[in-house]
Number of protein chains: 2
Amino acid sequence: MKLLEERIKKDGIISEGDILSVSSFLNHQMDVEFLCELGKEFERLYHGEGVTKILTIEASGIGIACLTAQYFKVPVLFAKKGRTDNISTDVYASRVYSYTHKREYSVVVSKEFLRPEDKILIIDDFLATGNAVLALAELCRTAGCEIVGVGTVIEKTYQLGRKTLEDNGLRVESLARIKKMSVENGVEFC
Amino acid sequence: MKLLEERIKKDGIISEGDILSVSSFLNHQMDVEFLCELGKEFERLYHGEGVTKILTIEASGIGIACLTAQYFKVPVLFAKKGRTDNISTDVYASRVYSYTHKREYSVVVSKEFLRPEDKILIIDDFLATGNAVLALAELCRTAGCEIVGVGTVIEKTYQLGRKTLEDNGLRVESLARIKKMSVENGVEFC
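Residues numbered from 1 in each chain as written. Chains lettered and ligands numbered in written order. Predicted model: local features only at pLDDT ≥ 70, side-chain atom pairs only at ≥ 80, totals over all residues. Heavy atoms only, no water.

Peer 1: Please clarify how unusual backbone geometry should be interpreted in this entry.
Peer 2: Peptide bonds are trans in most cases, and residues, glycine excluded, mostly fall at negative phi. A cis geometry characterises the amide bond from E58 of chain A onward to A59 of chain A, with omega recorded as -10°. Residue placement: A59 of chain A occurs in the loop between β4 (53–57) and α3 (60–72). In the Ramachandran plot, D18 of chain A falls in the positive-phi region, its phi being about 60° despite a non-glycine side chain. Considering the arrangement of structural elements, one finds D18 of chain A in the loop between β1 (13–15) and β2 (19–21). Residues other than glycine seldom take positive phi values, yet K73 of chain B does so here, at roughly 55°. Within the element layout of this structure, K73 of chain B appears in the loop between α3 (60–72) and β5 (76–82). (Helix = DSSP H or I, 4+ residues; strand = E, 2+ residues; numbered from the N terminus.)

And the structure:
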């Protein structure tokens, strides 16, 4: 998506350690009018697929998920992050290993909000390893719902996220696909 | 706001310990079309006040803040919760005591996104003690911005939140004001 690539080039800040900060418009400060355009694009990509609910993960997925959901006219459900112990029985839970924070955490949703009749679109801001999205997909499968697909804003194509998700039978749509990036040369898109 | 009061009566679940769960439409699963109506109401209440940015707190404030922001045509900034140690120098930080979790945590925002020229509207889902909102207000004051006011979805008027905030010079608008509630008798609004 051209609009997004231009914005990343303009406002994204790359630092050592393969870090791309887009906190001026996507995941700390949120340019809501801009995110609405991304939401419309997700709706175009998944138009007519019968999505009944959008699933995302706190905290940085919530904004883009809500602004996207209004074009699908469906509710959003966000998975909460927690410790891996002390999971109650009225939730579905799944584990994620975070390479960024070098620890495992759990993602949970209340059972009552994921139903076998649901057709889920999973939305998140970044696709890198795909671990977080895979954990969300596992919640859906435990609940017996269909996963229509995955929509991520920015994909690092040189990491294994897409392959991991596609190997698990998931359709993946990303709005900007980064081929490579470096502090010296900036971002190059696919 | 009648629409919200009716929704709370219909879908809110009260449990012992003064707990009102609205997780089916407000802060776990989010009824986005409904939340847009709340967003329009916040815009009506603060129309013409020159709001330049909406400030909220992760995670449950983000959805309502983003859906509200589109009617103001302004960005959202969400404060991140963290530990009270190890605060970096490029953020504004403030402390909150959570009575629910019986511990202190910090709220932080990047300095670059709160500017003296900003006119801030603070949005959150619940107003009870007012501690979280007060911490957000402190961030704004440290940054030297003007706070136009506070918008909360559900206010427990029998707690001290409104008084605390008004004593701090803040205008407070809540869309539903609970006078009292109990498991036996349900919710009564002001």
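Next comes the rest of the account.
Peer 1: Looking at this structure, I do not really get the relation of the copies chain A and chain B. What am I missing?
Peer 2: Note: a rotation about an axis with an accompanying shift along it relates these two copies of the chain. By a simple turn and slide, chain A fits onto chain B: the slide is 0.0 Å along the axis, the RMSD is 0.0 Å, and the turn is 180°. Taken together, the rotation and translation describe the operation of a two-fold axis. In this assembly the copies share their binding face: 100% of the residues contributing to the interface of chain A also contribute to that of chain B. (Least-squares fit on C-alpha atoms with pLDDT ≥ 70 in both. Contact = heavy atoms within 4.5 Å.)

Peer 1: Mind showing me how you'd approach the interface of chain A and chain B here?
Peer 2: Accessible area lost upon the coming together of the parts is a frequently used measure of interface size. Across the boundary between the two partners, chain A contributes 30 residues, which contact 30 residues of chain B. Carbon and sulfur atoms make up 65% of the area that chain A and chain B hide from each other, which totals about 2,500 Å². For chain A, the biggest contributors to the area lost against chain B are H28, Q29 and M30 of chain A; these three give 26% of the whole. The tally of links from chain A across to chain B stands at 0 salt bridges. Our count for the chain A to chain B interface comes out at 9 residue pairs in polar contact (both at pLDDT 80 or more). (Buried area = accessible area lost by both parts, 1.4 Å probe. Salt bridge = Lys/Arg side-chain N within 4 Å of Asp/Glu carboxyl O. Polar contact = N/O pair within 3.5 Å; in protein donor to acceptor, adjacent residues only side chain to side chain.)

Peer 1: Explain the environment of L139 of chain A here, please?
Peer 2: All names here are of chain A. With respect to the helices, strands and loops of the structure, L139 is situated in helix α4 (residues 131–143). By relative accessible area, which is 0% here, L139 ends up buried. The residues touching L139, leaving out its near neighbours within four places in the chain, are A79, Y92, A93, S94, V107, V109 and L114. (Buried < 20%, exposed > 50% of the residue type's maximum accessible area, 1.4 Å probe, protein only.)

Peer 1: Even after reading the chapter, I still don't get the packing of aromatic side chains, so can you show me in this structure?
Peer 2: Residue and element names in this part refer to chain A. Enumeration over the complete set of coordinates arrives at 2 aromatic pairs over all chains. Look at F25 and F34: their rings are 5.6 Å apart centre to centre, the planes differ by 85°, and that puts the pair in the edge-to-face class. Each member of the pair, F25 together with F34, is buried. Sitting above the plane of the F34 ring, R7 keeps its charged end 5.0 Å from the centroid. (Phe/Tyr/Trp six-rings, centres within 6.5 Å; stacked < 30°, edge-to-face > 60°. Lys NZ or Arg CZ within 6 Å of the ring centre and 35° of its normal.)

Peer 1: Teacher, can you tell me more about the pattern of salt bridges here?
Peer 2: Proximity of charged atoms lets side chains of opposite charge pair with each other. Under the counting rule described, the total for this entry stands at 32 salt bridges over all chains. We note a salt bridge from E49 of chain B to R171 of chain B, for which the minimum N-O separation is 3.8 Å. Of this pair, E49 of chain B sits in the loop between α2 (32–45) and β4 (53–57) while R171 of chain B is found in the loop between α5 (161–167) and β10 (172–182), placing the two residues 122 residues apart along the sequence. Here R171 of chain B falls in the partly exposed class, since its relative accessible area comes to 30%. The salt bridge partner of E146 of chain B is K119 of chain B, with a shortest N-O separation of 4.0 Å. Taken together, the residues span a long stretch of sequence, with E146 of chain B in strand β9 (residues 146–156) and K119 of chain B in strand β8 (residues 119–127) at a distance of 27 residues. In this structure, a network of salt bridges that share partners links the residues R7, K10, D11 and D31 of chain A.

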